Amino acid sequence: MQKITSLPADDSMPGWFHTSRARTPRPAHIGQKRARFAIVGAGLTGLAAARQLATHFPDDEVVLIEAQEVGYGSAGRNAGFAIDVPHDIGAKDYIGDVTTANLVLKLNTLGQNYLREIVQKYSIECQMSESGKYQAAVSEQGIAILEAYRSGLAKIGRDSQMIAGSDLPEHIGTAYYKQALFIPGTILLQPSALVKGLADSLPSNVTLYEYTPITSIDYGDKVTLIHDRGSITADTLILANNGFASHFGFLQRRLLPTFLYGSLSRQLTAEEQARLGGKPVWGVIPAHPFGSTIRRTVDNRILVRNSFSFHPDGRPREKYLSQYLENHRKSFERRFPMLPKVDFEYTWSGAICLSENHEGFFGKLAPNVYGALCCNGLGITRGTATGKLIADLIAGKRHELIDFLTRSPGPNQTPPEPFLSIGVNSVLKWGQFRAGMEI
Ligand SMILES: Cc1cc2nc3c(=O)[nH]c(=O)nc-3n(C[C@H](O)[C@H](O)[C@H](O)COP(=O)(O)OP(=O)(O)OC[C@H]3O[C@@H](n4cnc5c(N)ncnc54)[C@H](O)[C@@H]3O)c2cc1C
């Protein structure tokens, strides 16, 4: 019997969750249950896996188990960029090997198309907007990154448009940036509204249990998931719980739960919107990976996302919220001097699962246990795609992208504590220092 030593416990003010449609969560599981399939984690990956598995096996029950409420975890806390193009920060031109980059593009596009299809079919209101993204730079170093990325994107046949700083206010209101690369293809969306909608439109042979944290697990011919009020036994288990998979006994010291922080402003008044100018909806990704992500949302709020902390147990620390709210405030004031009295209504943190070699895990963890894990910060498209494909793999389907994912070496091993935390925290500190005014 494997005891789960750390459970999700996200903080209480995730802006996207509170500003999207309130829904009645599905009841927690009570008692004993048997099903052919069980999935742990109802984020983007688990929701996609459940939907696709239910389609492949219409006569079997698929049980989807979530510790918290759907839309409250990382899948509903992110910045809402559903990105198609690859961005390999280890490569000089951010694209690297063209064959690999084209496969990553295909994978991300599969995730995007699947989401688009479901959102349209079920009329999910999640502010989906085909806006593209601005990769924006403040420093000379950032501009060099944009130039390199433009040539990398051209290698895979993707157009992008360099925009001079003087023209940027027409696009994004602020005159803060010196240059930006506009890259079409990214979808912007309200992430918590999306996952709530995905959960409420699951096929009828999926049973979703919310507020059901799995506290221990028994592996064997069948897998038994135990929680405080009962247990669920399944023939096949899929782990779609991102960094928490290591607490289920797999990929230990390979998954690095790293916290990112976001703040969402109140809605801008009509007069403030006029003062800001620019397009009504846009999203900016920093040229430097440790800089600030900024968005203007469909409902006229400004999102600021920056700052990092590393917590191997996957649980947030309250003290960083007030500290990092200050960072968000400064980043906002630098960019939007024309909006002096706009406060943040919500500030939150959320975990992404990183690996040292930027590889995710996809495939078999044990004879009857599969995993689609570690999205390395790009879970909206990648999590959706890998969730769908893990169900295809279980159904015996072959696919060029399944072969691509199963060929991956997976996340590599990192040193033991305390060296791991010392190492990761140094990388985060150094990266944020180097990002300078891009924060
Ligand atoms: C601030 C921030 C900004 C981001 N921006 C972007 C972005 O713009 N674009 C993008 O693509 N990605 C972004 N990400 C990353 C993205 O949110 C993640 O990659 C995505 O959520 C991964 O989805 P997932 O379903 O694999 O895992 P998760 O969303 O982490 O879902 C896993 C679920 O498993 C549940 N779980 C864990 N343990 C148990 C247990 N014992 N019992 C039951 N349930 C359990 C958790 O509660 C959780 O809901 C961002 C993340 C953050 C935090």
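Everything numeric in this text was worked out from a predicted model, so none of it was measured.

### Focus: the state of the cysteines
Thought 1: All told, the structure shown has 0 disulfides when counted by the stated rule.
Thought 2: As a non-bridged cysteine, C353 has C374 as the owner of its nearest cysteine sulfur, 3.5 Å distant.
Thought 3: Using a relative accessible area of 2% as the deciding quantity, one classes C353 as buried.
Thought 4: Free of any disulfide, C375 has its nearest neighbouring cysteine sulfur in C374, separated by 7.4 Å.

### Considerations on empty space enclosed by the protein
Thought 1: Applying the stated criterion across every chain, the model contains 1 cavity of 30 Å³ or more.
Thought 2: Around the largest cavity, the lining residues are L47, A48, R51, Y114, L115, I118, L198 and T384.

### Let's talk about the site of the ligand
Thought 1: In the vicinity of the ligand there are 36 residues, among which L44, T45, E66, F81 and I380 approach most closely.
Thought 2: Between an oxygen atom of the ligand and a side-chain N or O atom of Q68, the distance comes to 3.4 Å.
Thought 3: In this structure, N242 approaches the ligand through a side-chain N or O atom, which is 3.3 Å from an oxygen atom.
Thought 4: Contributing elements (two or more residues each) for the shell around the ligand: helix 2 (44-56), strand 17 (344-354) and helix 9 (379-394).
Thought 5: Sort the elements by how many residues they give to the shell around the ligand and strand 17 lands first, with 3 residues.
Thought 6: Residues belonging to the shell around the ligand are distributed by class as follows: 20 nonpolar, 13 polar and 3 charged.

### What about the nonpolar core?
Thought 1: Among the nonpolar cores identified, the biggest contains 51 residues, and I39, L53, L64 and L198 are the most heavily contacted of them.
Thought 2: Among the elements that make up this core, the one with the highest residue count is helix 3 (residues 98-121) (8 residues).
Thought 3: One finds A79, I95, A101 and A148 within the second-largest nonpolar core, a separate group that totals 27 residues.

### Topic: the UniProt feature "domain: FAD dependent oxidoreductase" (unreviewed entry) in the protein
Thought 1: The positions UniProt marks with the feature "domain: FAD dependent oxidoreductase" (unreviewed entry) are residues 37-393.
Thought 2: Overall, residues 37-393 shows 30% helix and 27% strand. The separation of its end C-alpha atoms is 14 Å.

### Structural notes on the pattern of salt bridges
Thought 1: Enumeration according to the criterion identifies 21 salt bridges in this entry.
Thought 2: One salt bridge connects E272 with R266, and the closest N-O pair in it is separated by 2.8 Å.
Thought 3: With relative accessibility at 22%, the residue R266 sits in the partly exposed group.

### So, the packing of aromatic side chains
Both the distance between ring centres and the angle between the ring planes are used here to describe each pair of aromatic rings.
Thought 1: If you walk through the whole model with that rule in mind, you get 12 aromatic pairs.
Thought 2: Seen from their ring centres, Y94 and Y149 are 6.1 Å apart, and the 75° between their planes marks the pair as edge-to-face. Separated by 55 residues along the polypeptide, Y94 in the loop between strand 4 (81-82) and helix 3 and Y149 in helix 4 (residues 140-155) bring together distant segments of the chain.
Thought 3: The class for Y94 is buried, based on a relative accessible area of 13%.
Thought 4: When the centroid spacing of 5.4 Å and the interplanar angle of 80° are considered together, the rings of Y176 and Y177 count as edge-to-face. There is no split in this pair, since Y176 and Y177 are both buried.

### Points about the sheet that holds strand 5 (residues 133-137)
Thought 1: Overall, mixed pairing links the 8 strands, which are arranged 6-7-5-14-15-16-13-17 in an open sheet. Two strands lie at the open edges of the sheet, namely strand 6 (161-164) and strand 17, each paired on one side alone. With strand direction ignored, the average angle separating the axes of adjacent strands in the sheet is 25°.
Thought 2: Of the strand pairs in this sheet, strand 13 (residues 256-265) and strand 16 (residues 302-310) are connected by 6 bridges, and their pairing is antiparallel. Note on strand 16: the bridge partner recorded for F259 is S309.
Thought 3: On top of the sheet, helix 4 reaches strand 5, strand 6 and strand 7 (179-183); it is set at about 25° to strand 7, its chief contact.
Thought 4: Taken strand by strand, helix 8 (residues 318-335) contacts strand 13, strand 15 (293-296), strand 16 and strand 17, and its axis lies near 140° from that of strand 16.

### Things to note about unusual backbone geometry
Thought 1: For the bond running from E417 to P418, omega is 5°, close enough to zero to count as cis.
Thought 2: Tracing the backbone shows P418 in the loop between helix 10 (400-407) and helix 11 (419-435).
Thought 3: With a phi angle near 50°, S123 is a residue other than glycine that sits in the positive phi range.
Thought 4: Turning to its location among the elements, S123 is positioned in the loop between helix 3 and strand 5.
Thought 5: Unusually for a residue other than glycine, R253 sits at a positive phi of about 65°.
Thought 6: The residue R253 is located in the loop between strand 12 (230-239) and strand 13 in this model.
Thought 7: Taking relative accessible area as the criterion, R253 reaches 38% and is therefore assigned partly exposed.

### Looking at the packing of helix 2 against helix 6 (residues 191-200)
Thought 1: The contact between helix 2 and helix 6 brings their axes to 10 Å, and the two run at 25°. Here helix 2 is positioned roughly parallel relative to helix 6, judged by the angle of their axes. The crossing of helix 2 and helix 6 is left-handed. Taken together, the residues of helix 6 that come into contact with helix 2 (itself represented by L44, L47 and R51) are L194, V195, L198 and A199.
Thought 2: Residues of the contact of helix 2 with helix 6, tallied by class, amount to 6 nonpolar, no polar and 1 charged.

### Considering the packing of helix 3 against helix 9
Packed helix pairs are characterised by how far apart their axes lie and by the angle those axes make with each other.
Thought 1: Remark: helix 3 packs on helix 9, axes separated minimally by 7 Å, with the N-to-C direction vectors making an angle of 85°. The angle between helix 3 and helix 9 falls in the class roughly perpendicular. Within the contact between the two elements, helix 3 uses L107, N108, L110, G111, Q112, Y114 and L115 and helix 9 uses I380, T381, R382, T384, A385, K388 and L389.
Thought 2: Split into classes, the residues belonging to the contact of helix 3 with helix 9 amount to 7 nonpolar, 5 polar and 2 charged.

Here is what the cut-offs are and how they apply
- Residues numbered from 1 in each chain as written.
- Predicted model: local features only at pLDDT ≥ 70, side-chain atom pairs only at ≥ 80, totals over all residues.
- Heavy atoms only, no water.
- Disulfide = S-S within 2.5 Å.
- Buried < 20%, exposed > 50% of the residue type's maximum accessible area, 1.4 Å probe, protein only.
- 1 Å grid on protein atoms, 1.4 Å probe; cavity = no way out; pocket = protein on both sides within 12 Å on 5 of 7 lines; lining within 4 Å.
- Points joined across faces, edges and corners; volume = space filled by probe spheres on them.
- Near = heavy atom within 4 Å.
- Polar contact = N/O pair within 3.5 Å; in protein donor to acceptor, adjacent residues only side chain to side chain.
- Helix = DSSP H or I, 4+ residues; strand = E, 2+ residues; numbered from the N terminus.
- Nonpolar A, V, L, I, M, F, W, Y, C, P; charged D, E, K, R; others polar.
- Core = buried A, V, L, I, M, F, W, Y, C linked by side-chain atoms within 4.5 Å.
- UniProt positions renumbered as here; feature names shortened; annotations may be inferred.
- Salt bridge = Lys/Arg side-chain N within 4 Å of Asp/Glu carboxyl O.
- Phe/Tyr/Trp six-rings, centres within 6.5 Å; stacked < 30°, edge-to-face > 60°.
- Pairing = 2+ DSSP bridges.
- Axes fitted to C-alpha atoms, helices over the stretch in contact; angles between N-to-C directions.
- Contact = heavy atoms within 4.5 Å.
- Parallel < 35°, antiparallel > 145°, perpendicular 65-115°, else oblique.
- Left-handed = near helix turned anticlockwise from the far one by under 90°.

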